[in-house]
Amino acid sequence: MTELFERSIQTLELPAVLARLAEQAVTEEGKERCAALRPQTDRDDVERLLAETTAAADMMTLSGTPSFTGVKPVGASLQRAHMGGALNTRELLDIAAVLRAARNAKEYADGRAGGEKKTCIDHLFASLTANRFLEEKIGGSIVGEDEIADSASPELASIRRHIRATSSKVRDILQRILSSNQAKYLQDAIITQRNDRYVVPVKSEHKNDIPGLVHDVSSSGSTFFIEPMGVVKANNELRELQSKEEKEIERILAELSADCAASREDIAQDYDLLILLDVIFAKAKLSYRMKASAPKLVERGVSLRRARHPLLDPRKAVPNDLSLGGSFDTLVITGPNTGGKTVTLKTLGLLALMAQCGLHIPVDGDSHVQVFSRVLADIGDDQSIAQSLSTFSSHMVTIVGILKEVDDRSLILFDELGAGTDPVEGAALAAAVIESTRAAGALVAATTHYAELKVYAMTTKGVENASCEFDVDSLAPTYRLLVGIPGKSNAFAISERLGLPKYVIQKAADRLDAENVRFEDVLTQLDEQRHQMEAEKEKAARLRREMEDSAKAARTYREQLEKERAKAVEKAQAEARRILDEARDTADQVFKELSDMRKKQRREEDWQKVNDQRAGLKHRLNQAEDKLGARPEAPTPPPTRPAQAGDTVELVKMGTQATVISVNRDGSLQLQAGILKISAKQSEVRVVEGAESQTKKAAQKVVHRAEHKLRSLGASPEVDLRGMMTDEAIGALDIFLDNAVMGRLNEVIVIHGKGTGAVRKAVREHLKRSRYVKSFRPGRYGEGEDGVTVVELK
């Protein structure tokens, strides 16, 4: 990176953005790396960095951020441990903190791996080699920076038990002295320590009354700290135990240091990965705070939608669309001072640098940028008395450096190009400098007050005018960038608003040549037309929003109708199911009572009850069918055409559907309704042209089956059990036999079909046990063969 490029980075205030980035990092080294970031010039590197930031931002949204608390540099400690040195407790605790952070980060990644998509930073989490055994060993051995836990080793625990016992013994001996008549020799009735040995404070005049070793004397000489002879041995034992304790602690620290040295490479790698992840997630946090997004990288050009300067208050910053490299490669920005021209230049350059550092930028999502080899800026006044540089000279020194380094992958920014010298020469020089940088293939943005450069931009292909809008009424800039429209100085209008006499303004206007006057008039007309177009555009946008709102309301209303319709259908189906269940329950109850009556062998007086029950069931089923709409109360209008063979018809009085088998010569119909064959007149049926609802068909099927069972209760010479379950068939058979016996029939036919043979077998087994049956046999040829059973009754 050249000196000029580095100076341009400072000028465009990238370090201020990086300082905000560093505030988002947790670790000290992470903060340092954030502040030291510099733009990458390789497109692949920039794409990788932006993708990492995007992945971290997505993770933050779904799972929060991993914890990097407590991660401190451990490289020097690991190196010393590798060389055989013993680490202190602080160094070991730092290593344990790195291991703990690595484990937490790995658990964070494992916890989100289930349903979330893979990202480009998953491999960083996967590369962490958390060593929970060593982490817990250090944490279990070291309680604090100045304390080793008793559980660090069995030997240490044993030594400390003896130390506590010996200390208690010494204190007991000294306590007896304090409680004896020797207490009068003491300065204070306390037990203290000198040189790690227990002593008592004795008055100087009684120092010989308590035999022992003198360890210290007070500064006034009035107190002697004496170790009584009775505790010397115990104190000596205590010192020995303390010495053993120190040696055991040294051994424990050496052992832990050796364990760290054995895992030195893994721990060092974990530390580097954690710092890298800290920086990546710091970028994601800054992106969230700036409400930024990742720009798309392109081969050439810059297009920033609603770009905002990242160092300005986002609530006050005016967003602008900035473009270069499309239909034009040079942008000439004009307008009054304090109008925002320099901020626009800095925004363009700073956002390009941020993107190349892997940072999201405060723009809308459809923005794109080019990866530049260098961003060179001549912004600000670097005049120097010490170097004899004027404003013009300082600018020119920078421009000379830019012309030496510019290439086709450069972004060049000029502020007040050509200022500080004669306006005519300055304008000519500015145009020449722009032409030179364009010839090198660079993208250029420049601010100026020169009218000559406005004309140059209007007449030169690939060069576009832009201006910073200024509200003459309020005498304040709006900070809006207007691309395609050159700026006006507004000097006369501003002066008049500030109170300058009109005759003075008129004299100034008279001094302008005709070309300048016409040029300013054209700019005024363009400005008026722009305001009209913006008003029309706003009106069209408002109408479009109203149409979109109306369409959205219509969609919502339609969705609500569909939901209500679905609820109504579901409610109707539930009601139909309830009615059918009631019908089934009623039929089951009637059949059960009929069976009970048969078993109790009730005779003539009971059969009246049978008929009543049957009539009641028929009535309830009809009611159920009526609720489902299957039994119209009024006769259905006659069919539009006579029924033909193959048609599906509905029996008007019964509400039952049947299929026309044939049409007789007299016009009557032979119908097949389920297992029944019936005859009907044309006027008694109507042709069914469309399919009915599934719910209605299901209800009619249940009703039809129940009616068939009821009809089988009569004294018919045959019963059809096909389509019934075994239990249902046996019940129907019993009722049929009861009716047949009451009807004094001698021979009946039971139709059970062939099928799987389950119903046939059950029927014949039941006939063997029936008291009504004299004999039974399979059907012969012409009778139905094995699909029927012929029964002779007693």
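Only a predicted model underlies this, so the values are computations on that prediction, with no experimental measurement involved.

Cut-offs applied
Residues numbered from 1 in each chain as written. Predicted model: local features only at pLDDT ≥ 70, side-chain atom pairs only at ≥ 80, totals over all residues. Heavy atoms only, no water. Helix = DSSP H or I, 4+ residues; strand = E, 2+ residues; numbered from the N terminus. Buried < 20%, exposed > 50% of the residue type's maximum accessible area, 1.4 Å probe, protein only. Areas by Shrake-Rupley, 256 points an atom, 1.4 Å probe, with all protein chains shown as cover. Polar contact = N/O pair within 3.5 Å; in protein donor to acceptor, adjacent residues only side chain to side chain. Contact = heavy atoms within 4.5 Å. pLDDT = per-residue confidence, 0-100. Pairing = 2+ DSSP bridges. Axes fitted to C-alpha atoms, helices over the stretch in contact; angles between N-to-C directions. Phe/Tyr/Trp six-rings, centres within 6.5 Å; stacked < 30°, edge-to-face > 60°. Lys NZ or Arg CZ within 6 Å of the ring centre and 35° of its normal. Left-handed = near helix turned anticlockwise from the far one by under 90°. Arc of directions from axis to C-beta. Core = buried A, V, L, I, M, F, W, Y, C linked by side-chain atoms within 4.5 Å. Right-handed = clockwise from strand over helix to strand, strands pointing away. Salt bridge = Lys/Arg side-chain N within 4 Å of Asp/Glu carboxyl O.

Trainee: Whenever I open this one, the overall build of the chain confuses me. Can you help?
Mentor: In terms of regular secondary structure, the chain is built from 22 helices and 25 strands. Residues counted as buried form 43% of the 794 residues belonging to the chain. With the model as given, the accessible surface of the chain reaches about 42,700 Å², and the carbon-plus-sulfur share is 51%.

Trainee: What exactly am I supposed to notice about the side chain of glutamine 370 here?
Mentor: Residue position: glutamine 370 is located in strand 11 (residues 368–370). Of the residues examined, glutamine 370 reaches a relative accessible area of 3% and is grouped as buried. From its side chain, glutamine 370 meets the backbone nitrogen of glycine 301 in a polar contact 2.9 Å long. Ignoring sequence-local partners within four residues, the contact set of glutamine 370 consists of Val298, Glu299, Arg300, Gly301, Val302, Gln356, Asp408, Arg409 and Leu443.

Trainee: Would you mind going over the environment of asparagine 131 with me for this structure?
Mentor: Within the fold, asparagine 131 resides in the loop between helix 7 (122–126) and helix 8 (132–141). Counting along the chain gives 33 residues from asparagine 131 to valine 98, while the straight-line C-alpha distance between them is 9.9 Å.

Trainee: I tried to follow the confidence of the model for the chain on my own but got confused; where do I start?
Mentor: Detailed conclusions should not be drawn from predicted coordinates in areas where pLDDT is low. Scored by pLDDT, the chain has a mean of 82; 83% of the residues are at 70 or more. For the stretch residues 383–388, pLDDT sits under 50, and the model shows five contacts to residues farther than four places along the chain or on other chains.

Trainee: Where do I start with the sheet that holds strand 15 (residues 463–471) in this structure?
Mentor: In a beta sheet, neighbouring strands pair by backbone hydrogen bonds and run either parallel or antiparallel. Overall, mixed pairing links the six strands, which are arranged 12-13-14-10-15-16 in an open sheet. On the outer flanks of this sheet lie strand 12 (374–378) and strand 16 (476–483), each paired with one strand and no other. In this sheet, neighbouring strand axes are inclined to one another by 15° on average, regardless of whether the strands run parallel or antiparallel. As defined by bridge partners, strand 10 (residues 330–334) adjoins strand 15 across five bridges and the pair is classed as parallel. If you follow valine 332 over to strand 15, its bridge partner there is asparagine 465.

Trainee: Help me understand the environment of serine 127 in this model?
Mentor: Secondary-structure assignment places serine 127 in the loop between helix 7 and helix 8. The exposure class of serine 127 is partly exposed, given its relative accessible area of 30%. For the pair serine 127 and leucine 273, spaced 146 residues apart in sequence, the C-alpha separation works out to 8.0 Å. Among all residues touching serine 127, those that are not within four sequence positions of it are Gln269, Asp270 and Leu273. Side-chain polar atoms of serine 127 contact the backbone oxygen of histidine 123, separated by 2.7 Å.

Trainee: Explain the packing of aromatic side chains here, please?
Mentor: When we look at a pair of aromatic rings, we describe it by the centre distance and by the angle of the planes. Here the structure, examined in full by the defined rule, presents four aromatic pairs. Ring geometry for phenylalanine 68 and phenylalanine 281: centres 6.3 Å apart, planes at 50°, overall tilted. Here phenylalanine 281 lies in helix 11 (residues 264–290) and phenylalanine 68 lies in the loop between helix 4 (43–63) and helix 5 (75–82), a separation of 213 residues in the sequence. Take phenylalanine 68 and phenylalanine 281: they sit in the same class, and that class is buried. For the ring pair tyrosine 108 and phenylalanine 281, a centre distance of 6.4 Å and an interplane angle of 80° mean the geometry is edge-to-face. Remark: phenylalanine 281 occurs in helix 11 and tyrosine 108 occurs in helix 6 (residues 89–111); sequence separation between them is 173 residues. Judged on exposure class, the residue tyrosine 108 and its partner phenylalanine 281 are both buried. Looking at arginine 194, its charged tip hangs above the ring of phenylalanine 225, at a distance of 4.0 Å from the centre.

Trainee: Explanation requested: the packing of helix 6 against helix 10 (residues 232–262) in the structure shown.
Mentor: Helix-helix packing is described using two parameters, namely the angle between the two axes and the distance between the axes. Close contact between helix 6 and helix 10 brings their axes to 11 Å; oriented N to C, the two are set at 35°. In the packing of helix 6 onto helix 10, the handedness of the crossing is left-handed. The residues of helix 10 that touch helix 6, namely those facing Thr89, Leu92 and Ile95, are Leu253, Leu256, Ser257 and Cys260.

Trainee: Even after reading the chapter, I still don't get helix 1 (residues 3–11), so can you show me in this structure?
Mentor: For an α-helix, the turn length of 3.6 residues means that residues three or four places apart are oriented alike. Buried within helix 1 we find Leu4, Phe5, Ser8 and Ile9. The buried side chains of helix 1 occupy one side of the element, clustering within an arc of 145° when seen end-on. Contact partners of the buried residues in helix 1: helix 2 (14–24), helix 12 (341–356), strand 12 and helix 13 (391–405). Of the residues one or two after helix 1, glutamate 13 is the one with positive phi, at around 70°.

Trainee: What's the story with unusual backbone geometry in this structure? I'm lost.
Mentor: Peptide bonds are mostly trans, and most non-glycine residues show a negative phi. Non-glycine residue glutamate 13 carries a positive phi angle of around 70°. In this structure, glutamate 13 sits in the loop between helix 1 and helix 2. The exposure class assigned to glutamate 13 is partly exposed, which follows from its relative accessible area of 28%. Not every positive phi belongs to a glycine, and arginine 306 is a case in point at roughly 55°. Among the secondary structure elements, arginine 306 is positioned in strand 8 (residues 302–307).

Trainee: Where do I start with the nonpolar core in this structure?
Mentor: A general tendency of soluble globular proteins is for nonpolar side chains to be buried together. Formed by 74 residues in total, the largest nonpolar core has its most connected members in Leu304, Leu348, Met354, Leu411, Leu413 and Phe414. Counting residues in hydrophobic clusters, the runner-up holds 46 residues, among them Ile121, Leu134, Tyr271 and Phe281.

Trainee: For this particular structure, what's the right way to read the environment of serine 327?
Mentor: Its location among the elements puts serine 327 in the loop between strand 9 (320–324) and strand 10. Residues serine 327 and glycine 462, spaced 135 residues apart in sequence, show a C-alpha to C-alpha distance of 6.5 Å.

Trainee: In this structure, what is going on with the sheet that holds strand 5 (residues 212–217)? I would like to understand it.
Mentor: Read across the open sheet, the four strands follow the order 3-4-6-5; overall the sheet is antiparallel. Every other strand in the sheet has two partners, leaving strand 3 (192–194) and strand 5 as the edge strands with one partner each. The mean inter-strand angle of the sheet, taken between neighbouring strand axes irrespective of direction, is 50°. Pairing geometry for strand 5 and strand 6 (residues 223–228), over five bridges, is antiparallel.

Trainee: Is there a simple way to think about the pairing of strand 13 (residues 410–414) in this case?
Mentor: Where burial is concerned, most of strand 13 is hidden: five out of the five residues are buried. Side chains Ser410, Ile412 and Phe414 project from strand 13 onto one buried face, and the interleaved Leu411 and Leu413 project onto a second face that is buried too. In this structure, strand 12 lies alongside strand 13, joined through five bridges in parallel fashion. When the bridges of strand 13 are listed, valine 375 appears paired with leucine 411. Both strand 13 and strand 14 (residues 443–447) contribute to a ladder of four bridges, which runs parallel. Among the inter-strand pairings, leucine 411 is bridged to a residue of strand 14, identified as leucine 443. Crossover handedness for the path strand 13 to helix 14 (residues 423–439) to strand 14: right-handed.

Trainee: Before we go on, may I ask you to explain the side chain of arginine 374 in this structure?
Mentor: The residue arginine 374 is located in strand 12 in this model. Judged by its relative accessible area of 17%, arginine 374 is buried. At 3.2 Å, the side chain of arginine 374 and the backbone oxygen of glutamate 405 are in polar contact. Other than its neighbours up to four places away in sequence, arginine 374 contacts Phe5, Glu405, Asp407, Arg409, Ser410 and Leu411.

Trainee: When you look at the pattern of salt bridges in this model, what are you seeing that I'm missing?
Mentor: Close approach of charged atoms allows side chains of opposite charge to pair. Applying the stated criterion across every chain, the model contains 37 salt bridges. Across the pair aspartate 45 and arginine 48 runs a salt bridge whose closest N-O atoms are separated by 3.9 Å. A residue pair is termed a helical-turn pair when its members lie 3 or 4 positions apart in one helix, as aspartate 45 and arginine 48 do in helix 4 at three residues. A relative accessible area of 44% means that arginine 48 is categorised as partly exposed. Across the pair arginine 438 and aspartate 329 runs a salt bridge whose closest N-O atoms are separated by 2.9 Å. Taken together, the residues span a long stretch of sequence, with arginine 438 in helix 14 and aspartate 329 in the loop between strand 9 and strand 10 at a distance of 109 residues. The burial state of arginine 438 is the same as that of aspartate 329; both residues are buried.

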